[in-house]
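# Breakdown of the fold
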Amino acid sequence: MDPRLDRLHAEMCKVFTNPARIRILSLLREGEKSVGELAEALGLAQPTVSKHLGAMRDRTVLSSRKDGATVYYRLTNPKVMKAFDLIREALVESLQDGARLARGGR
């Protein structure tokens, strides 16, 4: 086991600890978006979105490019979305199991 890999893994997982970042990932699934587009879709102030995007870029989840005054973001690796989807599927299953148990089922 490489401790550097463990540290990088832990840092990348921090992306999934904030609901706004999860929503950003969902929006970027469809492709590259500008900071303004993301802020509008999220209903958040642009500086707040920029802060989240910077944190995600620092963890190499996103990359950016500048076109004039506009900055666009995209996922650096589609496998991040696979991990995101697997986590989401596990959570849905957990909620379904909890609901089934609450109803007295197996």
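These lines cover the structure that appears in this document, whether it is placed above or below. (Residues numbered from 1 in each chain as written. Predicted model: local features only at pLDDT ≥ 70, side-chain atom pairs only at ≥ 80, totals over all residues. Heavy atoms only, no water.)

### Re the packing of helix α3 (residues 35-42) against helix α4 (residues 46-58)
Contact pair α3 / α4: the axes reach a minimum separation of 9 Å and the direction vectors enclose 110°. Between α3 and α4, the angle is such that the two are roughly perpendicular. Handedness of the α3/α4 crossing: right-handed. Packed against α3, whose contacting residues are Val35, Gly36, Leu38, Ala39 and Leu42, the element α4 presents Gln46, Val49, Ser50 and Leu53 at the interface. (Axes fitted to C-alpha atoms, helices over the stretch in contact; angles between N-to-C directions. Helix = DSSP H or I, 4+ residues; strand = E, 2+ residues; numbered from the N terminus. Parallel < 35°, antiparallel > 145°, perpendicular 65-115°, else oblique. Left-handed = near helix turned anticlockwise from the far one by under 90°. Contact = heavy atoms within 4.5 Å.)

### Structural notes on the side chain of histidine 52
Tracing the chain through its elements places histidine 52 in helix α4. If we ignore the near neighbours within four places in the chain, the residues touching histidine 52 are Asn18, Ala20, Arg21 and Ile24.

### A word on the sheet that holds strand β1 (residues 33-34)
Backbone hydrogen bonds hold the strands of a sheet together, and the pairing may be parallel or antiparallel. The three strands lie next to each other as β1-β3-β2, forming an open sheet whose pairing is antiparallel. Two strands in the sheet have a free side with no partner beyond their single neighbour: β1 and β2 (62-67). Note that β1 and strand β3 (residues 70-75) share two bridges and pair antiparallel. Paired with serine 34 across the strands is tyrosine 72, a residue of β3. Taken strand by strand, α4 contacts β2 and β3, and its axis lies near 120° from that of β2. (Pairing = 2+ DSSP bridges.)

### Overview of the packing of helix α2 (residues 19-28) against α4
Running from N to C, α2 and α4 cross one another at 75°; their axes reach a closest spacing of 10 Å. If you check the angle between α2 and α4, you find them roughly perpendicular. Residues Ala20, Arg21, Ile24 and Leu25 of α2 lie in contact with α4, whose contacting residues are Val49, His52, Leu53, Ala55 and Met56. Taken together, the residues that form the contact of α2 with α4 break down as seven nonpolar, one polar and one charged. (Nonpolar A, V, L, I, M, F, W, Y, C, P; charged D, E, K, R; others polar.)

### Points about unusual backbone geometry
Of note, the phi angle at threonine 60 is positive, near 60°, even though the residue is not glycine. In this structure, threonine 60 sits in the loop between α4 and β2.

### Quick look at the nonpolar core
Counting residues in each nonpolar core, the largest one holds 20 residues, and the members touching the most others are Leu25, Val49, Leu53 and Leu62. Mapped onto this core, the elements with two or more residues apiece are α2, α3, α4, β3 and α5 (79-102). Per element, the largest residue contribution to this core is five residues, and it comes from α2. Apart from residues lying up to four places away in sequence, leucine 53 is in contact with Ile24, Val35, Leu38, Leu62 and Tyr73. (Core = buried A, V, L, I, M, F, W, Y, C linked by side-chain atoms within 4.5 Å. Buried < 20%, exposed > 50% of the residue type's maximum accessible area, 1.4 Å probe, protein only.)

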